[in-house]
Amino acid sequence: MSRRIIIDKYQGNTHYSIHVIDSFGQEHHLGYSETLTGPNSYECIELRAEEIWSNETKKEVSLMSKAIKNCIEIDRKAGRLPSLD
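In this report, we go over the structure that sits alongside the text. Since this is a predicted model, take the numbers as computed values, not measurements.

## Quick word on the pattern of salt bridges
Where charged atoms from two side chains of opposite charge approach closely, those side chains can pair.
Part 1 of the reasoning: Under the definition given, this model contains three salt bridges.
Part 2 of the reasoning: The partner of R76 in a salt bridge is E73, and the shortest N-O contact between them spans 3.5 Å. With a gap of three residues between them, R76 and E73 both fall in helix α2 (residues 63-77), about one helical turn apart.
Part 3 of the reasoning: The class for E73 is partly exposed, based on a relative accessible area of 33%.
Part 4 of the reasoning: In this structure, R80 engages D75 in a salt bridge whose closest nitrogen and oxygen atoms are separated by 3.1 Å.
Part 5 of the reasoning: Owing to a relative accessible area of 26%, D75 belongs among the partly exposed residues under this scheme.

What follows is the structure, given as structure tokens:
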């Protein structure tokens, strides 16, 4: 995966949404901003992104997520859910 900074402003919305994607594909939401000046200028966003990238680690999958995934697989094998194939 590549590292990215995403700044979105949906049509009709008054605020920008700022996200950083790290090399593991994990998304970090930096917040919302009405303007891209001051503490949310491009330079500050890049500094915050670089801080995330320098400390990035792959998050472990929680036990609850693993249990839910196993239950879904059991249901698929039993024919209660459609196969992904």
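## A look at the sheet that holds strand β1 (residues 4-8)
Part 1 of the reasoning: With respect to topology, three strands assemble into an open sheet ordered β1-β2-β3, the strand pairing being antiparallel. A single partner strand is all that each edge strand has here, and the edge strands are β1 and β3 (27-33). When strand polarity is set aside, the average angle formed by the axes of neighbouring strands in this sheet is 15 degrees.
Part 2 of the reasoning: Two elements, β1 and strand β2 (residues 16-21), share five bridges in a ladder whose sense is antiparallel.

## Brief notes about the packing of aromatic side chains
Part 1 of the reasoning: Going through the model one piece at a time under the given rule, you end up with zero aromatic pairs.
Part 2 of the reasoning: Sitting over the face of the ring of Y16, K9 holds its NZ or CZ atom 4.9 Å from the ring centroid.

## What to know about the nonpolar core
Part 1 of the reasoning: Core analysis: the biggest nonpolar cluster contains eight residues, these being I18, V20, L30, L36, I45, A49, I52 and W53.
Part 2 of the reasoning: Among the secondary structure elements, those contributing two or more residues to this core are β2 and α1 (42-54).
Part 3 of the reasoning: Setting aside its immediate chain neighbours within four residues, L36 contacts I7, Y16, I18, S41, Y42 and I45.

## Structural notes on the pairing of β2
Part 1 of the reasoning: With five of six residues buried, β2 lies mostly within the body of the structure.
Part 2 of the reasoning: Bridge analysis of β2 against β3 gives six bridges, and the strand direction is antiparallel. Within β3, the position partnered with H19 by the bridge is H29.
Part 3 of the reasoning: Linking β2 to β3, which pair antiparallel, is a turn of five residues; within it G25 sits at a positive phi near 85 degrees.

Parameters at a glance
Residues numbered from 1 in each chain as written. Predicted model: local features only at pLDDT ≥ 70, side-chain atom pairs only at ≥ 80, totals over all residues. Heavy atoms only, no water. Salt bridge = Lys/Arg side-chain N within 4 Å of Asp/Glu carboxyl O. Helix = DSSP H or I, 4+ residues; strand = E, 2+ residues; numbered from the N terminus. Buried < 20%, exposed > 50% of the residue type's maximum accessible area, 1.4 Å probe, protein only. Pairing = 2+ DSSP bridges. Axes fitted to C-alpha atoms, helices over the stretch in contact; angles between N-to-C directions. Phe/Tyr/Trp six-rings, centres within 6.5 Å; stacked < 30°, edge-to-face > 60°. Lys NZ or Arg CZ within 6 Å of the ring centre and 35° of its normal. Core = buried A, V, L, I, M, F, W, Y, C linked by side-chain atoms within 4.5 Å. Contact = heavy atoms within 4.5 Å.

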